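# Topology and contacts: notes
Here is how the chains run, residue by residue.
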Amino acid sequence: MPWIPLVLSVVAMPTTLDTCLAIESVGRGGRIPFPTDAVALQFVNGAWRAPSAGEAVANRTWTEQKANKDGWFEGRPFQGGYASFKLDHARTEVVLMNAVGHNLAYVNGELRGGDVYGYGYNRVPIKLQRGTNNLLFATGRGRLKVSLDPMPKPVVFNKDDVTLPDIIDGKPETQWGAVIVVNGSEAPLSGGTLKATLPNRRTETTALPSIPPLSIRKVGFRIPPGTGLTGSSAALNLQLTAGGQSDSFSPSIRIRKPEQSRRETFVSAIDGSVQYYAVVPPTKPDKGLALVLTVHGASVEAQGQAEAYSAKDWCWVVAATNRRPYGFDWEDWGRMDAMEVLDHVQAKYGTDRRRTYLTGHSMGGHGTWQLGAHFPDRFAAIAPSAGWRSFYTYVGKPRPQNPTPMEAFFERAVSPTDTERLFDNHATQQVYILHGDADDNVPVREARAMRDAFAKIGKEIGYYEEKGAGHWWDGDRSAGADCVDWPPIFEMFQKTELTRFVKTNEGRELRFMTLNPAISGRMDMVEIRRQEKKLEPSRVHVVDNGSTIKMTTENVAAIRVFAGLREIDGQIVPPPITRAAFIDLQKVNGTWKTVTASPMQTGPFKEAMQRKMAFVFSTKGTREENAWSFNKARYDAEQWWYRGNGAVDVIPDTAVRADTLRNRNLVLYGNADTNAAFATTKLAAPLTLRRGAVKIDDRNLEGDYGCLFATEVGGGMVAVIGGTTLKGMRSTDRLPLFAAGVAYPDWTVFNPNVWSEGIGGVVGAGFWGEAPLWQK
């Protein structure tokens, strides 16, 4: 039966779409760098067209689907498949698309961000053309709902994703909040201001960043001191003025007593966004108290995590956010968030750095293993509860059996995710493992495997299984929830102080291993700064016998050591160049030499996305090339906001200056012929990406290629997402750049057929300073 398109004429009421064509999954996904997808390949090749009922793709068939009475589509096509809506519209008009349950959307071929976790606040402005429009949704977890709402005016607030601190009674201070501004106009929104006013008539006005056309941006703003306010909450009036438009609303901000748990905010150095953490203050606040950092499970807010703990008289309890309830699984930017919160709180409250502890539940249990292993000199003790070890052991990330050389190479790129490879770094930490033996979410085998690993090396740890307990449990043995606020854990914390050396028959020994110094290279008096072979294990072993301190290294090219070191790898330490507490050493032809300074290793690719990065779209290409560049940058910014509560400047290449990299990293979209920032930043790398060809060392590849690479430039990092042609550029569109458990090396070149062949479509990849790996 032929499919009759839904005819829509938007009126001043929300319109929920109730009929679509849908198809089950036509590819293979998961936490892999190159998923396959037959529909994505159609877009890459420029071959996509709206489907008809009964049409087949990759042995699947498009079928008509109806929403239920509440507007939800459900069933197998909505579990990783696609839903297509064909709309006939009476006029050209900008509307708000409010979709829930999708990974992403194509609006007349333009990519827009999704709402796979069903938060319900991902409303983006889209332009419907007069006549036929096509909306295509890549579906997620089994449900999809799509509404189109009128834009009441060109510039409005999205009121549903507000980041606010709490006002602390008796502690007046200016704080930061953040709210989404929707630019529904077809021009950049510049020169805007946001005025925040409390009932005490105190006001703060903040200048807003530029917001691209038909896009959203979560903007930070200053909140005035809450002096004299009483009660449990107050209305915070927000007044937006921009582009000749205005909007206002008044979210409620909590007022808390100093002894109550609370939310605090800060401006992140990762991207300049406003983030929050939750605090359970001690019953007797003072300088020099201990600090317990707690990391939450999937779908949990930091505020809820903190409220599961009772206040202690000897420590602060602080819950970081992972950037979102699902966030990054406490890896990548989730890991950065945890450590940024730790640094912030230690400085603000003057806690005792020797008494800093780490705990977490479920995904946060994994975060406890991850953070504890990467940063063993920051946590005296760790205590995962209901935690899983790694993506390989719990969520089913495939570990290739008999991998090809290219598969093995990409496993090397993602090596920091493999918690158990860092197991030796727990040697100086006290450990307590807690789990319910009937946990139907995270199997108890995860806890038992780590318990057995410690037993194998003869290390005593605390271990307890609650009989009959599931994933979250409370036996009323503490004032909080027992599965996190477990008394034996806090008893262990209270009597433990940080130690970095282990006593042996030879004296004191320090051992440390890193898989990437750009993530974690420091252990007390030693900092690994560069590796001989990137993202392979690098180790140091220090022995202090009371009279001489010696060190041996493995896979270390540059290192910073304390001035008292006498011997390294059997060689007398060269005299320092300057009088300082530390010496920088670099290995030259197998011999350690003293240098003035040794730069820290950077990379791989995703590590460029920090340091207040900006996404830079092209203006020097063809109309089609520039449109792709802008749409891709906007899509990545929407992903960054959704997954990481983030905010990123999306700017044209003409806005980049020669000194921009002094203060921030850049992500450039396109190639050297389309994006002027390639020249402005004097981007020089062993890889040259131009229209029609990419050159790596002495190999010149002509044709359709997609490309990712990141390199050091001018004191910062530049990442490139682009291609030699439009087809090559489009092949980067849906790579899972922001997914935890996925990584890319310093550079990768691939054919568009990666969307049918997966990693088999990768032509070459490499780390700077090493021989490239080529694949036929």
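Now for a quick tour of the structure. Remember, predicted model here, so these are calculated numbers, not experimental data. Within each chain, residues carry numbers counting from 1 in the order of the written sequence. Whole-chain, interface and lining totals are the exception, using all residues; otherwise, since this is a predicted model, local features are given only for residues with pLDDT of at least 70 and side-chain atom pairs are given and counted only at 80 or more. Only hydrogens and water are set aside when side-chain values are computed; all heavy atoms of the structure are taken into account.

### Some remarks on the sheet that holds strand 24 (residues 237-242)
Sheets are built from strands that pair by backbone hydrogen bonding, the pairs being arranged parallel or antiparallel. The condition that has to hold: Note on pairing: two strands pair once DSSP finds at least 2 bridges between them. A run of DSSP states H or I qualifies as a helix once it reaches four residues; a run of E qualifies as a strand once it reaches two. Both are numbered from the N-terminal end. Here an angle of 0 to 180 degrees is reported between the N-to-C directions of two axes, which are lines fitted to C-alpha atoms, with helices fitted over the stretch in contact.
Spatially, four strands are ordered 21-20-24-25 in an open sheet, and the strand pairing comes out antiparallel. The sheet is open, and its two borders are formed by strand 21 (203-207) and strand 25 (245-249), each paired with just one other strand. For this sheet, the mean inter-axis angle between neighbouring strands, taken without regard to orientation, is 15 degrees. For strand 24 and strand 25, the ladder comprises five bridges, and the chain directions are antiparallel. Looking at the pairing, Leu-238 lines up with Phe-249 of strand 25.

### What about the environment of Leu-735?
Defined as follows: Burial classification: accessible surface area is computed with a 1.4 Å probe over protein chains only, and a residue below 20% of its type maximum counts as buried, one above 50% as exposed, and the rest as partly exposed.
Its location among the elements puts Leu-735 in the loop between helix 10 (726-730) and strand 54 (747-750). Relative accessible area serves as the criterion here: at 3%, Leu-735 is assigned to the buried category. Placed 703 residues apart in sequence, Leu-735 and Ile-32 show a C-alpha to C-alpha distance of 9.3 Å.

### Some remarks on the nonpolar core
For clarity, the threshold we go by: Take the buried Ala, Val, Leu, Ile, Met, Phe, Trp, Tyr and Cys residues and link them wherever side-chain atoms come within 4.5 Å; each set so joined is a nonpolar core. Residue contacts are defined here by distance: any two heavy atoms, one from each residue, within 4.5 Å place the two residues in contact.
Grouped together as the largest cluster of nonpolar side chains are 50 residues, with contacts concentrated most on Phe-34, Phe-605, Met-609, Phe-615, Leu-737 and Tyr-744. Element by element, the count of residues in this core is highest for helix 8 (residues 623-644), at five residues. Those residues in contact with Met-609 that lie beyond four places of it in its chain are Ile-270, Trp-333, Val-667, Ile-721, Leu-737 and Phe-738.

### With respect to the pattern of salt bridges
So the rule is basically this: By definition here, a salt bridge exists when the distance from a side-chain nitrogen of Lys or Arg to a carboxyl oxygen of Asp or Glu is within 4 Å.
In total, this model carries 53 salt bridges according to the counting rule given. Across the salt bridge formed by Glu-24 and Arg-76, the nearest N and O atoms sit 3.4 Å from each other. In this pair, Glu-24 is assigned in the loop between strand 3 (19-23) and strand 4 (27-28) and Arg-76 in the loop between strand 9 (73-74) and strand 10 (82-89), connecting sequence segments 52 residues apart. We classify Glu-24 as partly exposed; its relative accessible area is 23%. A residue is classified by how much of its surface remains accessible, and Arg-76, at 55% relative accessible area, is exposed. In this structure, Glu-770 engages Arg-412 in a salt bridge whose closest nitrogen and oxygen atoms are separated by 2.8 Å.

### With respect to the sheet that holds strand 34 (residues 462-466)
Pairing is mixed across the open sheet formed by eight strands, whose spatial order is 27-28-30-29-31-32-33-34. Edge positions in the open sheet fall to strand 27 (262-267) and strand 34, since each of these has one partner strand only. Strand after strand, the sheet turns through a mean of 20 degrees between neighbouring axes, direction not considered. Of the strand pairs in this sheet, strand 29 (residues 290-295) and strand 30 (residues 315-319) are connected by five bridges, and their pairing is parallel.

### As for unusual backbone geometry
The residue after Gly-603, namely Pro-604, is reached through a cis peptide bond having omega 5 degrees. By the element assignment, Pro-604 lies in the loop between strand 45 (591-595) and strand 46 (614-617). Positive phi is not limited to glycine here, since Ala-58 has a value of about 50 degrees. In this fold, Ala-58 is placed in the loop between strand 6 (56-57) and strand 7 (60-61). Of note, Asp-329 is a non-glycine position whose phi angle comes to about 55 degrees, a positive value. Structurally, the position occupied by Asp-329 is in the loop between strand 30 and helix 3 (333-349). Assessed through its relative accessible area of 10%, Asp-329 is described here as buried.

### Topic: helix 6 (residues 445-456)
To be explicit about the condition: One fewer than the residue count of a helix, multiplied by 1.5 Å, yields its expected span. When we speak of the arc, we mean the arc of directions from the helix axis to the C-beta atoms.
If you check helix 6, its first and last C-alpha atoms are 16 Å apart, about what 12 residues at 1.5 Å a residue would give, namely 16 Å. Three or more residues of helix 6 are buried, namely Glu-446, Ala-447, Met-450 and Phe-454. Around the axis of helix 6, the buried residues are gathered within 100 degrees of arc, so they sit on the same side. Relative to its buried face, helix 6 has exposed residues pointing more than 90 degrees away, namely Ala-455 and Lys-456. Elements in contact with the buried residues of helix 6: helix 4 (363-374), strand 33 (430-436) and strand 34. Backbone geometry just after helix 6 places Gly-458 at a positive phi near 75 degrees.

### Observations concerning the side chain of Ser-215
So the rule is basically this: Pairs of N or O atoms are called polar contacts if they sit within 3.5 Å, as long as, within protein, a hydrogen donor faces a hydrogen acceptor (for residues adjacent in sequence, only side-chain-to-side-chain pairs).
Locating Ser-215 in the fold gives a position in strand 22 (residues 215-223). Of the polar contacts made by the side chain of Ser-215, one reaches the backbone oxygen of Pro-212; its length is 2.5 Å. Ignoring anything within four residues of it in the chain, the contact list for Ser-215 reads Arg-112, Pro-125, Val-181, Val-182, Asn-183 and Arg-634.

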